Amino acid sequence: MPFELYLNQIVSGLLTGLVYGLSALGLSVIFGVVKIVNFAHGEMMVIGMYLALLLFRFAGLDPLLSIPIVALILFGLGYALQATVINRLIEVPDYMQFLLLAGIAIIIVSLSLIVFGPDAQNVQLSYAYDSVQIGLLIIDKARLLAGAAAVGVAAALFLFFEVFQPRDDLAVDSVGPDQMRVRFDVALGDTWGLLDDRLLLQPSLKSMFSFGLLILVLIFRPQGLLGKRT
Amino acid sequence: MLNLWLGGANPRGRALLAGMLAVLAAAPFFVDSYIVSVLILVFYFAYLGQAWNIMMGFAGQLSLGHALYFGLGAYTGAALYVKFGLSPWLSMPVAIVIAMAVGAAIGALGFRFRIGGVYFALLTIAFAEFTRILFDHFTWVGGSSGLFLPVASRQGNDLWMLRGAPIMFYYVWLVLTVGLLILCRALLASRLGYYWLAIREDEPAAQALGIDTFRYKMIAVMLSAGLTAVAGVLNAFYFNVLFPEPTFSINRSIELILGAIIGGVGTLMGPIIGAFILTPLGESLTLIIEQIPTGVQKLDGLKQVFYGLCVVLIVLFQRAGVWPWLARKLRLGADGGKGGA
Amino acid sequence: MSLLAVDALDLFYGDAQALDGVSLAVDEGAVVAIVGANGAGKSSLIRAIAGIEPAARGRVAFKGQDITGWPSHRVCNLGIGQVAEGRQIFPTLSVRENLEMGAVISRARAGAAATMRRVFEIFPRLAERQRQAAGTLSGGEQQMVAIGRCLMGRPELIMFDEPSLGLAPTVVQEVFRVIRRLNDEGITIILVEQNVAVSLKLADRAYVLENGRIVLAGTGEELLNDDRVRQAYLGL
C-alpha cells in the first residue's frame, strides 16, 4: 500500500498549488480593481520565470533572492501596459479587451519561444534535489521554499489591503502596486517549475482534468468553488 | 447602420466585387504556384473568419475556441478517408453534424447557465483545450504522433477524393468562400439576421421584446460550428497531416478569427478584406525572414508575433475593422460613404 | 377575474432570495403601482412575470391561463410587454429600426405598419427623428423609443420599470402623461417607480415591496395616506 506515496504526492501538489494560488490571487486582484480579465496573466508570469532564469544564469542569483528585482521589473511592465494600452480600453466592450490581451499573450509566448527556444530550461540550484523529511513526508526543499514564499507574499498582499483599504474611486490608479504583488509569485515559478512532477497521472491528462474542472466551475459555480453566490 | 451591416454595396461596390471575383477565377492561369498557395491562404482566412463572424459578428457571442470545430472537421474527414476510404464530400456532412452537436452542447451549457461574455469565451477555450488533450490520447486517429493522409499520386486531379494539385484546392476554396458570402448575406437579410442584430445590440432588450434569444444564439453557434468544420475537412486534405496540438490549439483559434477582426467584426466583407490584408503581409514577413540565415526556425514564432500585433493594433486604433473605414474612403457603401457608422 | 394573477412567487438569484411569496392581482384596465426601496425586488418581480427569471415556486396566470415557467418570448406574445429600466434601446439602429424590432412577435407582425402610425401619433418627435440613430437621442427621446417599441408589440399589459429614472422633470411629466393616456386607451399598466408620490396618485391599486415581500397593499389613495408609506417613501 503506497500510502506514503499518496501523502507525498498530495503535499507536493498542495505546495505547487500555493504558487498557482498566488498567481490566481493576482489575477483576481486585477479583475477586482480594473474589471479586466487579464488573459495575458500566465504569459506575464512566464516573463517573470525567464527573468529569474536569466538572473540565475548570469548573476548566479537564487530565484528566491531575485524576487524583488523581478517583481520590480514586472511592476514596471504592468504599469507600462496599463498606462499605454489598457487605460484606453476602459470604455470598450469586454470582448475587445479580451481579444487585446489574448493578442498580447500570443506576442509574449511567441517572443519567448523565439528567444529561449522550445526546450524546458532549468535553474540548477545547489539544493534542487535536497529534501526535507518530516516523519513519512519527504518534501522537495525548492518546492517547500516556493510554497512558503507564496504564502508570505499573499499575507503581505492581504496586509496591504488591510492597511490601505483602497477606495473605489482610486481603482484605476492603484493598479500599479496591485500588479506588482501579482508578480511576486512570478519569480517563484521556476524554483519548482520544471522539476519532474512524478505524478500519479500522466501530466497531459492532468491538464485535461484541469480544463474539465474549469468547465464545470464555469457552468455550475461561476462565483468560484468557494465564493458565495450573489 | 443596418445597410453597412448588410454589406451595403452600392453599384460601384458591386462592380468592384464582380471584378475581383473574375480576377480570382482567372488568376491560376496567369500566376505561379506560389501565388496560388498564398491565395489559398487568403481563402482560408476569409472563409473561417466569415464562419466565426456568424457567431461573434452577427449574434454577438464571443468564441475563442473555434479551433475545436475546425479540428473536429479535420479529424472526421481525415479519419473517415484513412480508415474507410470515404470521400471528403461524404464525410463533410458527418463532420458538420458532429461539430454542430458539439457546438450545440457548448452553446446550451453556456446560454442555459447564462455564462456571459468573457466567461463564455473562457468556456469555449476550455472545451477546445480539453479536446486537444483528448486527441493527444486518441490513438485510433494517431494520438500525439499525428494522422497522415496518403499523399496524392501525380495522376491528375481527383475532385471526388480531393487528391491533386493546389489549383484544384484553389477552386474548391474559392467556391466555398463565395458560397459562404452569399449564404451570410441571405442570413442577414432574413428575419434570423434581424433577430441576431437585436441580440448583438442589446440582448436583454431583445429578450424583453419577445425574441427567443436562446434559440437564435443556438442557431448561430451551430451554423458557425458546422461551417467551420467544412474548412477543417478541406484543410486536412490540403495539408495531408494532422497533429492535435496545432489543430486544436488556442493559437489556431486566434488565427482563424484574424481575418474577421482585421476586416471588421460583424460586416460581410470584413473577413474577406481582412484576409486580403493579413495574408500578403504575413507572407512578405516570411520572405524577409527567409533571407536571414538563422531565421527559418524562428519563422513560426515570428508569424505568431505578427498575428498578435495585428490584433492589438486593430483593437487600439481601428476597432470597427478596416472594411468600414475602407468602404467610407472608397465610397462603396450604399449611402455613398456619407456618415453611416 | 384579474387580467394577471401572481400567487406566492419565490425567486432566487443563486443563494439570495429576491422574491418571497409575492402575490398580487392586476385587474384589466387598471394601473397598479409597485413601490419599494432599491433592491426590494421590484425589477425581479417584473422579470419573473415576464419569464426572464424562472421562479422557484409560485404561479403566474394571465387571463386565467397558467403561464408559470413560460419562456419570455411566449409570455411576450400573449400581450405582456415591458419597458425595462435604463431604456435598453438599440443604440446604433435608427429610431424606425428600433420600433420595427418591437413588432417581431407574431401577434404584432401583421399590423406593424398601423401600429407604427399610432406610435408616431403618440410621439410626433419620433416621427421627425425616425432615421436618426437611437443612441444619439436625448434621454427623454430614448425613453419614448423604448415605450414606442414596446407598443409595437401590441401589448394588453405593459410593465414599466422606473420609467422616470434619470430624466428631467418636464420629461418625467410627459412620460407619466403618456402612461395615463395608454391606460385611458385600455392598456393595463404595472408601474414600478421610485417616484412614489406620482405613481401612487396614478395607481388604482398599489403594493409595497420590502425585502422581496409584499408588506402593504391597497388603493393608491389608501397608501398615500398610510403613515408608514408617508414616513418611509414620501419623507413626510
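You'll find the structure just up there.
Because the structure is predicted, anything quoted here is derived from the model rather than measured.

Novice: Just give me the short version of the overall build of chain B, but keep the residues and values in it.
Specialist: When helices and strands are counted, chain B shows 16 helices and two strands. Computed over C-alpha atoms, the radius of gyration of chain B comes to 20 Å, within 12% of the 20 Å expected from 2.2 N^0.38 for 341 residues, which places it in the range of a compact globule. When burial is assessed residue by residue, chain B has 51% of its 341 residues classed as buried. Contacts spanning at least 24 positions in sequence make up 77% of the contacts within chain B whose residues lie at least 6 apart.

Novice: Please set out the environment of Asp226(C) residue by residue, giving values where relevant.
Specialist: Here Asp226(C) lies in the loop between helix H10 (220-224) and helix H11 (227-232). Through-space distance from the C-alpha of Asp226(C) to that of Leu45(C) is 23 Å; in sequence the pair is 181 residues apart.

Novice: Go over the interface of chain B and chain A with me, naming the residues and quoting the values.
Specialist: Taken together, the contact pairs 34 residues of chain B with 29 residues of chain A. Among the elements of the structure, helix H6 (117-136), helix H12 (250-255) and helix H15 (299-317) of chain B are those that each provide at least two residues to the side of chain B that touches chain A. A total of 13 residues in the side of chain B that touches chain A trace back to one element, the largest contributor, which is H6(B). Counted by class, the side of chain B that touches chain A contains 25 nonpolar, five polar and four charged residues.

Novice: Break down the interface of chain B and chain C for me, with residues and values.
Specialist: One frequently used descriptor of interface size is the decrease in accessible area upon assembly of the parts. Facing 14 residues of chain B, the contacting portion of chain C comprises 22 residues. Taken together, the elements giving at least two residues each to the side of chain B that touches chain C come down to helix H8 (191-201) and helix H9 (203-208) of chain B. Here the side of chain B that touches chain C gets four residues from one element, more than from any other, and that element is H9(B).

Novice: Got a sec to walk through helix H3 (residues 33-58) of chain B? Specific residues and values, please.
Specialist: The end-to-end C-alpha distance of H3(B) is 35 Å, a good match for the 38 Å that 26 residues give at a rise of 1.5 Å each. A maximum bend of about 40 degrees is found in H3(B) at Trp52(B).

Novice: Give a description of H8(B) that names residues and reports values.
Specialist: Extensive coverage of H8(B) is indicated by the burial of eight of its eleven residues. Those residues of H8(B) not exposed but buried are Gly193(B), Tyr195(B), Trp196(B), Leu197(B), Ala198(B), Ile199(B), Arg200(B) and Glu201(B).

Novice: Describe in detail the sheet that holds strand E9 (residues 205-210) of chain C, supporting the description with residues and values.
Specialist: Residue and element names in this part refer to chain C. The strand order across the open sheet built from six strands is E6-E7-E8-E3-E9-E10, with neighbouring strands paired in mixed fashion. Looking at the sheet topology across the chains shown, the edges are occupied by strand E6 (80-83) and strand E10 (213-219). Within the sheet, the average angular offset between the axes of one strand and its neighbour, ignoring direction, is 15 degrees. Alignment of strand E7 (residues 157-161) against strand E8 (residues 188-192), held across five bridges, turns out to be parallel. Opposite Met159, over in E8, you have Ile190 as the bridge partner. Of the strands in this sheet, E6 and E7 are in contact with helix H7 (residues 139-151), which crosses E6 at around 170 degrees. Against the sheet, helix H8 (residues 169-184) makes contact with strand E3 (31-36), E7 and E8, and its axis sits at roughly 150 degrees relative to E8, the strand it touches most.

The rules behind these values
- Residues numbered from 1 in each chain as written.
- Chains lettered and ligands numbered in written order.
- Predicted model: local features only at pLDDT ≥ 70, side-chain atom pairs only at ≥ 80, totals over all residues.
- Helix = DSSP H or I, 4+ residues; strand = E, 2+ residues; numbered from the N terminus.
- Rg over C-alpha atoms; globule rule 2.2 N^0.38 Å.
- Buried ≥ 20, exposed ≤ 12 C-beta atoms within 10 Å, placed from the backbone.
- Contact = placed C-beta atoms within 7 Å.
- Nonpolar A, V, L, I, M, F, W, Y, C, P; charged D, E, K, R; others polar.
- Expected span 1.5 Å × (residues − 1).
- Bend = angle between axes of the 7 residues up to and from the residue.
- Pairing = 2+ DSSP bridges.
- Axes fitted to C-alpha atoms, helices over the stretch in contact; angles between N-to-C directions.

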